[in-house]
Amino acid sequence: MNEVKTALRRMAFYYILLAVNIIPCANFIPDSFPTRNVSAIYLLTLCVCLILYYSHRVSRTGSLSVMMKSLSWLCLMLILLRGVKYSVFAEIGILARHVWYLYYVPMLLLPLFLFYISLLVAPKKDFRLSKGWYSIFAVTAVLIAVVLTNDLHQLVFVFQPDYLNWDNDYSYGWLFYVVTVWQYALYFAAIVTLIIKCRITSSKKNAWIILIPFAIGVLMNVLLITDKMPKINGTNIVEFPEALIFTVAVVLECCIQLGLIPTNTDYGKLFQKFSISAQITDKKGTPVYSSYSAKPLTKAQFAMQSGARIGEHTALHKMEIPGGFGFWQDDMTELDRLNEELAEAKEELSQETDLIRLRGELKEKQTKIEQRTLVYDTIARRTQRQSQAISRLAEKARTSSDVELKEEYRSKITLLGAYIKRYANLMLLSQEQGEIEAGELALSVSEVLRYLNYCGIPSEFFSSADCTVNADAALAVFEAFETLLETNFLSLHGAFVNLSAEENVTFKLTLENLTEPLSEEIEKRLKAVGVLTQIMQEDDVTYACFTLPKGGEAV
């Protein structure tokens, strides 16, 4: 019922505006200022207001908005053409006549756009016209072209020869009736469609209101066609242009009031009923829209950054918008409670994580210690013979009074100690990775030979290998090298070692006066780790060649 009352009040307001247009026809308007000029200025002003009204009222996006705004511009064009015809080109027949023809551009497009608007009033969001409907536009465009070219065929308006008294003395051709029928057919189709396609169910029972302005418009056009329109001072109180414009405008206003066309009004009321605590202010902080649950902001709160707390459990959010700011307040009570619980759980989890980490670190350390102990046990087991020999030599040196013999024992102990140290170093390196640098093997051999020189046995070492060596093979060769030196210590007269690398790593050992060869056990160990052994003897010189695989090669 409220929708009906509002629609009727708006309808009455529009027709009051139309009635005001009768004033220029009264006797008090001076002849020096033509009545039509006053009427044109007044109607132009109303059309401009209509353009602004639709721009503000109708939603700014979508095809419906485009059609509404285009329709308001066509109204302005129609009144402008009427004013131009009677004010500017009244004395120039051909121009005035073509301006009259141009009437039919807005007169035919107005019902077309009204029909398209009726199609766009649909329940689907972002509804668009199908391409088939644009064929109606093509027909309308053809009819417009026919009217504009009437001087060539005179099938719409028929004039006297040489267009004598064309403004008053003319008749209608058959195409005029086609244009008129097409025009009113579109109006009728638009009205029927608007009534059927009500967008809001509650408005269907009130859709009949749209018929009132349409019926009034038809009545005014019939009066104008039959020359029965009331006149003042010989002038019709309503002309065709304003009759069409007000009919279309009132029909659309009824659609707006009934909710058939979505609008931008009543946002303030909607904003007040928001369940959230929100408000919109201008640049100075004065509230423009505010919900009922929003608390007023102080100057200090207005200047706060977004996310600041304005209460124990209330956060204020701020967003800059064109012309001002948007504020909304969040109740953080539940979130704060969850954060406290989360903090407690996080602290407990952190303590548990630290405990797990410590346990992991302890287990890792224990594993490393066990691995290192295992390596040390392996080193002790493999160097047990050398360690026992050092103990025996040390005991003999302690009980002996012979200085030369003590020096001999000392030299041999240092040789065995150098071997044990270097063997342990190679073992540790082999545990970290499955290969060792050939340079590490070279340093180990070089140090042992240096102490062999201290024992009075001439020795020399040369190395040109710059690669990695299989760790197990390097250890086996170093053990074989030490065994040959240790078992032949008393008979050995000299030693020479050459370490080189080509396709494989070659360890060449030259010993003078070798008496004890390698045992079968050591040869088997060398073979097991992929070391190829070649031993050759000439006179009292023994040549031993050990070929080792490079690092990364399969054994």
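An account of the accompanying structure is given in this report. (Residues numbered from 1 in each chain as written. Predicted model: local features only at pLDDT ≥ 70, side-chain atom pairs only at ≥ 80, totals over all residues. Heavy atoms only, no water.)

### Thoughts on the overall build of the protein chain
Within the protein chain, the secondary structure is distributed over 18 helices and 16 strands. Out of the 555 residues belonging to the protein chain, those deemed buried represent 41%. Restricting to contacts in the protein chain with at least 6 residues of sequence separation, those with at least 24 account for 64%. If you sum the accessible surface of the protein chain, you get close to 31200 Å²; carbon and sulfur atoms cover 59% of it. (Helix = DSSP H or I, 4+ residues; strand = E, 2+ residues; numbered from the N terminus. Buried < 20%, exposed > 50% of the residue type's maximum accessible area, 1.4 Å probe, protein only. Contact = heavy atoms within 4.5 Å. Areas by Shrake-Rupley, 256 points an atom, 1.4 Å probe, with all protein chains shown as cover.)

### Let's talk about the packing of aromatic side chains
For the structure shown, the criterion picks out 13 aromatic pairs. Aromatic side chains Phe115 and Tyr116 sit 6.4 Å apart centroid to centroid with 40° between the ring planes, which places their arrangement in the tilted category. Residue Phe115 shares its accessibility class with Tyr116, and that shared class is buried. Arranged with centres 6.0 Å apart and planes meeting at 70°, the rings of Phe481 and Phe507 form a pair that is edge-to-face. With Phe481 in helix α17 (residues 471–487) and Phe507 in strand β14 (residues 505–512), the pair connects residues that are 26 residues apart, well separated along the chain. (Phe/Tyr/Trp six-rings, centres within 6.5 Å; stacked < 30°, edge-to-face > 60°.)

### Examining the packing of helix α16 (residues 438–454) against α17
Angle between the axes and distance between the axes: these two values describe a pair of packed helices. Between α16 and α17, the shortest axis-to-axis distance is 11 Å and the interhelical angle comes to 10°. Here α16 is positioned roughly parallel relative to α17, judged by the angle of their axes. For the pair α16 and α17, contact is made by Leu441, Ser444, Val445, Val448, Leu449 and Leu452 and by Ala474, Phe478, Phe481 and Leu485, respectively. Looking at side-chain class alone, the contact of α16 with α17 contains 9 nonpolar, 1 polar and no charged residues. (Axes fitted to C-alpha atoms, helices over the stretch in contact; angles between N-to-C directions. Parallel < 35°, antiparallel > 145°, perpendicular 65-115°, else oblique. Nonpolar A, V, L, I, M, F, W, Y, C, P; charged D, E, K, R; others polar.)

### Description of the sheet that holds β14
Taken in spatial order, the 5 strands line up as β11-β13-β14-β16-β15 in an open sheet, and their pairing is mixed. Among the strands making up the open sheet, the edge pair consists of β11 (459–463) and β15 (532–538). Taking the axes of each pair of neighbouring strands and ignoring which way they run, one obtains an average angle of 10° across the sheet. Of the strand pairs in this sheet, strand β13 (residues 494–501) and β14 are connected by 8 bridges, and their pairing is antiparallel. Looking across to β14, one finds that Gly494 is bridged to Glu512. Lying on the sheet, α16 is in contact with β11, β13, β14 and β16 (541–548); it crosses β11 at an angle near 165°. Running at roughly 5° to β14, α17 makes contact with β13, β14 and β16 of the sheet. (Pairing = 2+ DSSP bridges.)

### What to know about the nonpolar core
Counting residues in each nonpolar core, the largest one holds 71 residues, and the members touching the most others are Met68, Leu71, Tyr104, Ile210, Leu252 and Ile261. Here the element with the most residues in this core is helix α5 (residues 104–120); it accounts for 14 residues. Discounting residues that sit within four places of it in the chain, Tyr104 has contacts with Ile144, Val147, Phe157, Phe176 and Val179. (Core = buried A, V, L, I, M, F, W, Y, C linked by side-chain atoms within 4.5 Å.)

### What to know about the pairing of strand β9 (residues 324–331)
With 6 bridges joining them, strand β5 (residues 277–282) and β9 adopt antiparallel strand pairing. The residue of β9 that forms the bridge with Ala278 is Trp328. Where strand β8 (residues 314–321) and β9 come together, 8 bridges link them in antiparallel fashion. Considered in β9, the bridge of His317 is made with Trp328.

### Things to note about the pattern of salt bridges
Considering all chains together, one arrives at 6 salt bridges under this definition. Across the salt bridge formed by Glu361 and Arg357, the nearest N and O atoms sit 2.9 Å from each other. Of this pair, Glu361 and Arg357 both sit in helix α13 (residues 333–382), 4 residues apart, roughly one helical turn. For Glu361, a relative accessible area of 32% gives the class partly exposed. Among the residues examined, Arg357 registers a relative accessible area of 43% and is labelled partly exposed. (Salt bridge = Lys/Arg side-chain N within 4 Å of Asp/Glu carboxyl O.)

### Some thoughts on the side chain of Ser72
Structurally, Ser72 can be placed in helix α3 (residues 63–87). Only 2.6 Å separates the side chain of Ser72 from the backbone oxygen of Lys69, close enough to count as a polar contact. Here Ser72 is in contact with Leu50, Ile51 and Tyr54, once residues within four sequence places are set aside. (Polar contact = N/O pair within 3.5 Å; in protein donor to acceptor, adjacent residues only side chain to side chain.)

### Here we look at the environment of Ser430
As for its position among the elements, Ser430 is in helix α15 (residues 403–432). On a C-alpha basis, the gap between Ser430 and Leu475 in space is 8.7 Å, while along the polypeptide they are 45 residues apart. Non-local contacts of Ser430, meaning those with residues more than four positions away in its chain, are made with Ile436, Ala471 and Leu475.

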